[in-house]
Amino acid sequence: MPANRYKSLLKLDFLFKDLNRDLKLVFLSDVVGAFGDGLYYFILPLYFRTELKATPTEVGILFSVLCLAAALTPFPGGILADKYDRKKVMVLGWLLWTPVPLIFSMAGHWTQALPATFMYGVLIGSPASSAYIATSAQKERMTVTFTTISFGWWLGYIFSPALGGYLSTFFGMRTVFFLASVFYTLCALVLSLISSQHAVKSPTQPSLSPTPFKRKKILLWALLFGAIMFVETLVRPLVPQFLEDVFLLDNFRIGVLGSVTFLGSAVLALCLGRIGDRWRKAGAVSVATIFCCISTIILISFNNLPTLALASFMMGPSYVIWSLMGAVTGSIAPEASRARWISVPLTAAMIGAFFAPYLGGLMYESWAYGPFIFSIIITPTLAVLALTKPLKEI
């Protein structure tokens, strides 16, 4: 291999060639923020169960509260992002998260965790972030840009769940929560270094809204993303509980499997990005949904660590749906109101997810395998719907 090829690899040019200076900083902020978030997110249901004395149904209530906040806040965040500096809205989003783990650490009962859970669901900064990326990205490389930056998020998650599980076992969850808050703060500091960005109102664009045809397309995508998130959120909080209750794994091993999941997210996100740009964004969504189905089948069928690791790795693309949401809508929505339109599928997705954790908890208490089997039945239909003509892309 020529020397310049070695230098290219060392600089990670294959990864960053589609990112300008600001997007590289967004990538770095995602790595830092996700590392802190991953320290406790994957094992948070176990914390609710063991230390805050919540039942699976009560864990579902907590995650439904999180989803309620996530459903209520994207649209106001989109309005702020289209009216003010998107950089400041992005920083604000992380600053609002900074006290969340500290409040979790002070809870003595699951009901006392409700305020922190609601704050954890606040997504004021998400539409601003997606609009910032969509505006900065090359149009023909939109999907791969989104998934490359999401690779940064999942890169931060690869080691932190295992580390969080280890630290919680030997030092307790208070230490884990404190470290998460520190990393949230560092993430906000990195974002403060990016350039400002305001929505540009083009004089040649008569309306701030997409054409009626594109508006209908965004709404159809919003409905599909809502259905996908409903099914995914039905089982997502149950995975670590299932591993503990049915397969009798401890926090450390569950954390390791969580790290494997996010390794799958990081690696397969790049593949999905290329599928989206070279074929169709709908194809990337469909493939991610199929991976979710197959991984769930493997998860509930085999009780040995190597197979569970395979299932966890294949579960990774289900987390990439969030970035694909931004890529799909960002390519359709007009620049002047891009953040507001991006907030539409975000809101629909979290409305779909609102009831899912509670229903999943009820099903889980009746039969631990029930919600997983329901997910396996529904997800293939959603994968096919993503490829139908009404959702065909521009």
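The model shown is predicted, which means the values in this text are computed figures rather than measured ones.

A.B. asks: Explain the packing of helix H14 (residues 238–245) against helix H20 (residues 356–366) to me, using residue names and the numbers behind them.
C.D. replies: For any two helices packed against each other, the geometry is given by the interaxial angle and the distance between the axes. Contact geometry of H14 with H20 gives a least axis separation of 11 Å together with a crossing angle of 15°. Viewed along their axes, H14 and H20 adopt a mutual orientation that is roughly parallel. With respect to the hand of their crossing, H14 and H20 are arranged in right-handed fashion. Facing H14, whose interface residues are Leu 238, Gln 241, Phe 242 and Asp 245, H20 presents Gly 360, Gly 361 and Tyr 364. Class assignment for the residues of the contact of H14 with H20 results in three nonpolar, three polar and one charged.

A.B. asks: For unusual backbone geometry, give the residues involved together with the corresponding values.
C.D. replies: Not every positive phi belongs to a glycine, and Lys 53 is a case in point at roughly 60°. With respect to the helices and strands, Lys 53 occurs in the loop between helix H4 (44–50) and helix H5 (56–72). Phi at Leu 248 takes a positive value of approximately 60°, unusual for a residue other than glycine. As for its position among the elements, Leu 248 is in the loop between H14 and helix H15 (251–278). Judged by its relative accessible area of 70%, Leu 248 is exposed.

A.B. asks: Tell me about the packing of aromatic side chains, and name the residues and values.
C.D. replies: Taken as a whole and judged by the stated rule, the model has 22 aromatic pairs. With a centroid separation of 5.3 Å and 70° between ring planes, the pair formed by Tyr 40 and Phe 177 is classed as edge-to-face. With Tyr 40 in the loop between helix H3 (21–38) and H4 and Phe 177 in helix H12 (residues 173–191), the pair connects residues that are 137 residues apart, well separated along the chain. We classify Tyr 40 as buried; its relative accessible area is 0%. Between Trp 94 and Trp 97, the aromatic rings sit 5.3 Å apart at their centres with planes inclined by 80°, giving edge-to-face as the arrangement. Linking Trp 94 with Trp 97, this pair stays in helix H7 (residues 86–97), spanning three residues, or about one helical turn. These aromatic residues form a ring-pair network of at least three members: Tyr 40, Tyr 41, Tyr 47, Phe 48, Phe 63, Trp 94, Trp 97, Phe 104, Tyr 120, Phe 177 and Tyr 184.

A.B. asks: Explain the side chain of Ser 375 residue by residue, including any values.
C.D. replies: Summarising the element assignment, Ser 375 is placed in helix H21 (residues 370–385). When residues no more than four places from it in sequence are discounted, the contact partners of Ser 375 are Val 231, Val 235 and Thr 296.

A.B. asks: Can you tell me about the state of the cysteines, naming the residues and giving the values?
C.D. replies: Two cysteines, two sulfur atoms, one covalent bond between them: this is a disulfide. This model, assessed by the stated rule, comprises zero disulfides. Sulfur of Cys 292: no disulfide; nearest cysteine sulfur belongs to Cys 293 and is 7.4 Å away.

A.B. asks: Can you break down the nonpolar core residue by residue, with the values?
C.D. replies: Counting residues in each nonpolar core, the largest one holds 117 residues, and the members touching the most others are Tyr 40, Leu 44, Phe 48, Phe 104, Tyr 120 and Leu 243. At nine residues, H12 tops the list of elements feeding residues into this core. When neighbours within four sequence positions are excluded, Phe 48 is seen to be in contact with Lys 53, Ala 54, Val 59, Leu 62, Phe 63, Phe 104, Ala 113 and Thr 117.

What counts and what doesn't
- Residues numbered from 1 in each chain as written.
- Predicted model: local features only at pLDDT ≥ 70, side-chain atom pairs only at ≥ 80, totals over all residues.
- Heavy atoms only, no water.
- Axes fitted to C-alpha atoms, helices over the stretch in contact; angles between N-to-C directions.
- Helix = DSSP H or I, 4+ residues; strand = E, 2+ residues; numbered from the N terminus.
- Parallel < 35°, antiparallel > 145°, perpendicular 65-115°, else oblique.
- Left-handed = near helix turned anticlockwise from the far one by under 90°.
- Contact = heavy atoms within 4.5 Å.
- Nonpolar A, V, L, I, M, F, W, Y, C, P; charged D, E, K, R; others polar.
- Buried < 20%, exposed > 50% of the residue type's maximum accessible area, 1.4 Å probe, protein only.
- Phe/Tyr/Trp six-rings, centres within 6.5 Å; stacked < 30°, edge-to-face > 60°.
- Disulfide = S-S within 2.5 Å.
- Core = buried A, V, L, I, M, F, W, Y, C linked by side-chain atoms within 4.5 Å.

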